[in-house]
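Observations on chain architecture
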Amino acid sequence: MALNSNQVKSLQPGVHADGGGLYLVVRESGDRAWAFRFTDLDGKRAQIEFAKIGDRDSAAGDVLTLSSARNKAREYKVALKRDGVDPRVKKRATTQGGKTFKEFAEEQYPGWCKGLSQEEEKQWARSIRDIPSLHDLKVHEITTEHVLEALKPIWSVKPVTASRTRQRIERLMDAAKALKFRTGENPAAWRGNLKHLLPSPRKLHRKKGHRSAPYAKMPQMMTGLRYDGGVAARCVEIGILTVARSQEIRLMEWDELDFQATTWMVPAEKMKIKGELESKPHLVPLSDQAIEIIRSMPRTGKYVFPSDHAETHQPFRANALVGTIERTGIKSTMHGCRTSFRNWGADNKNHNFRREVLEFCLSHRIGDEAELSYWDSEMIARRREALQAWADFIKPRTNTSGEQSPEKKWPKLKLVA
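Residues numbered from 1 in each chain as written. Predicted model: local features only at pLDDT ≥ 70, side-chain atom pairs only at ≥ 80, totals over all residues. Heavy atoms only, no water.

Take the environment of Cys 235 next. With respect to the secondary-structure elements, Cys 235 resides in helix H10 (residues 231-242). Put simply, Cys 235 and Ile 293 are 58 residues apart on the chain and 9.1 Å apart in space, counted from C-alpha to C-alpha. When residues no more than four places from it in sequence are discounted, the contact partners of Cys 235 are Ile 249, Arg 250, Phe 305 and Leu 321. (Helix = DSSP H or I, 4+ residues; strand = E, 2+ residues; numbered from the N terminus. Contact = heavy atoms within 4.5 Å.)

Okay, the nonpolar core next. Note on soluble globular proteins: their nonpolar side chains tend to be buried together. The biggest cluster of nonpolar side chains holds 52 residues, and the ones touching the most others in it are Ile 238, Ile 240, Ile 249, Met 252, Trp 264, Phe 305 and Phe 341. Among the elements of the structure, helix H9 (218-226), H10, strand E6 (263-266), helix H12 (288-295), helix H13 (318-326), helix H14 (334-347), helix H15 (355-361) and helix H17 (380-394) are those that each provide at least two residues to this core. Among the elements that take part in this core, H10 stands out by supplying 8 residues, more than any other. With residues up to four places along the chain from it excluded, the contact list for Phe 341 reads Val 243, Leu 358, Cys 361, Leu 362, Ala 386, Leu 387 and Trp 390. In this structure, Phe 104, Ile 128, Ile 131 and Phe 181 belong to the second largest nonpolar core, which totals 29 residues. (Core = buried A, V, L, I, M, F, W, Y, C linked by side-chain atoms within 4.5 Å. Buried < 20%, exposed > 50% of the residue type's maximum accessible area, 1.4 Å probe, protein only.)

With that settled, the discussion passes to the sheet that holds strand E7 (residues 282-285). Across a sheet, paired strands are connected by hydrogen bonds in the backbone, their directions being either parallel or antiparallel. Taken in spatial order, the 3 strands make up an open sheet running E5-E6-E7, and their pairing is antiparallel. With partners counted over all chains shown, the strands left at the sheet margins are strand E5 (257-258) and E7, one partner each. Two elements, E5 and E6, share 2 bridges in a ladder whose sense is antiparallel. Within E6, the position partnered with Leu 257 by the bridge is Trp 264. (Pairing = 2+ DSSP bridges.)

Our next topic: the sheet that holds strand E1 (residues 14-19). Pairing is antiparallel across the open sheet formed by 4 strands, whose spatial order is E1-E2-E3-E4. In this open sheet, the two strands that pair with only one neighbour each are E1 and strand E4 (45-52). Sheet twist, expressed as the average angle between the axes of neighbouring strands with direction ignored, equals 30°. Pairing of strand E2 (residues 22-26) with strand E3 (residues 32-39) involves 5 bridges; the strand directions are antiparallel. By the bridge assignment, Leu 24 is partnered in E3 with Trp 34. (Axes fitted to C-alpha atoms, helices over the stretch in contact; angles between N-to-C directions.)

A few words now on the pairing of E6. Joining the antiparallel neighbours E5 and E6 is a turn of 4 residues, in which Thr 262 adopts a positive phi near 50°. Here 4 bridges tie E6 to E7, and the two strands are oriented antiparallel to one another. Bridge pairing links Thr 263 to Pro 285 in E7.

Once that is clear, we can look at unusual backbone geometry. Trans peptide bonds make up most of the peptide bonds, and negative phi angles are found at most residues other than glycine. Even without a glycine there, the phi angle at Asn 352 is positive, about 55°. In this structure, Ser 363 takes a positive phi of about 55° despite not being glycine. Structurally, Ser 363 can be placed in the loop between H15 and helix H16 (369-373). The buried category is assigned to Ser 363, whose relative accessible area is 2%.

On to the confidence of the model for the protein chain, then. Chain-level statistics for the protein chain give a pLDDT mean of 83 and a share of 86% at 70 or above. Within the protein chain, the lowest mean pLDDT, 50, falls on H16, and the highest, 95, falls on H12. Segment residues 273-278 is flagged for pLDDT under 50; beyond a separation of four residues in sequence, or across chains, it makes 16 contacts in the model. (pLDDT = per-residue confidence, 0-100.)

Applying the stated criterion across every chain yields a total of 17 salt bridges. Between Asp 130 and Lys 158 there is a salt bridge; the shortest N-O distance is 3.3 Å. Of this pair, Asp 130 sits in the loop between helix H5 (118-129) and helix H6 (144-155) while Lys 158 sits in the loop between H6 and helix H7 (159-178); the two residues are 28 residues apart in sequence, bridging distant segments of the chain. Take Lys 158: its relative accessible area is 33%, and that puts it in the partly exposed class. A salt bridge links Arg 234 to Glu 237; its shortest N-O distance comes to 2.7 Å. Taken as a pair, Arg 234 and Glu 237 lie in helix H10 at a separation of 3 residues, close to a single helical turn. The pair formed by Arg 234 and Glu 237 is uniform in burial state, with each residue classed as buried. (Salt bridge = Lys/Arg side-chain N within 4 Å of Asp/Glu carboxyl O.)

In C-alpha cells:
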C-alpha cells in the first residue's frame, strides 16, 4: 500500500515500499531516506538513495515532499524504460553536471599514452578532433546514433583512420562505464552494433603493398647511402641492415643497445601496435656492419639517430627516411626494404634459411596460438646468421687494404636434444 505523510515520519526501522519502485529506508539511527529500486540495463537488481527526508527539492527549492519523491522515482523509471538511462547515471549527472565527451577524453587518453611513442598521443588528439559532433554531448547521453553521425563523414574518405577513431571512442565509452559515468551497451562497439550499420573498413581500403626494390638493387641503394653524409642516411642503413620498421629504427635509443652481446632490444611499446609480437619486446642481433655504423654516431642525447633539422633533440619523421632512400635513385620505402630482405631470404640457395627464421627477423608472428604457446625460442643464433648474410650481401665488409673481406664464418652451434 502507498505510504502517507504521517507514516513517512513515524515508521520503524526497515525498508518500506510506496509503489512504483519508490521505498522509504529507515535506519536504526533514525535517519530516513528515499530510495529507488530497479532492474538495470544488464538485468541486475539495483538501488539508489536519491534524497534524505528533509532535503530540499533542487527544482522547487522547498522541502522534498512525498509527492516530490514519487515524481523523482517516476522520472527515473521513464528515463530507464524510454531512454535507456540508468538512474545512477542520471542522478550523478544531475548532482555533478556530467562530463562532456571531449572533457572526458582529454582527461583519459594522455594517461593511456604514457610509455608509448610520442605519435600515439598526437593520433588520439587527431581522432578526437575528427568527431566534433560528440564534443559537447554528455558521456552518459551518447548513443549509437550519435557515434554513427560522428563517423559517417570520415568513414568512406579515410577508412583506416576512421576505424581507429571508432576503436578509441569504444575504449572511452568502456572507461566511462567502468567509472560509473554511464551504463548499458557500448554505443561504439563494432560486433552486433556498428558492423550492421557501416561498411567494412577492410573492403573500403584495399591495402596496397609497400613499394619495394628488387633485392638485387639493394647493394646499389646501400652504396648511394654511403655517399650521403646525413644522419638520416645512417638511420636508413641501420633500418635496412636490421630489417626493422621505420618507427622502431627512428626511435632507437642508446640504452636499448648491448655492444658486448651485439644486440638491440626493441621495447614492446615501440613495436607494431596490433597483430605482431605486441605483447613483448623484440631482441635484434646486430651484424658487424650495423655495429660499425652505430659506433660511428656521436652520443648527443638518448636517440641514436637524432634529427639534424630539429632545434631540439628528437627523432626523424618517417618522411625523412623515405626522402633519403629516393635520393639514392632506387624506388622503395623503409617497409619495402623489409620485403626485399624477405624475397632475398626465400631465394637464397647458399644458406637455405628456414621460413620461421626469416619471419622472426621481421618480428612477425609464426604459427597459430596453439603453436605459439609451445614456442619461446628467440632463435638468436639463426637470426644472427641470416642478418649477417644479408649485411654481407648488401654492404660487403672490407679489410684494412680496402679489399672485400671474405664472409665471416660463425661457429656452428651444437644442438642439444
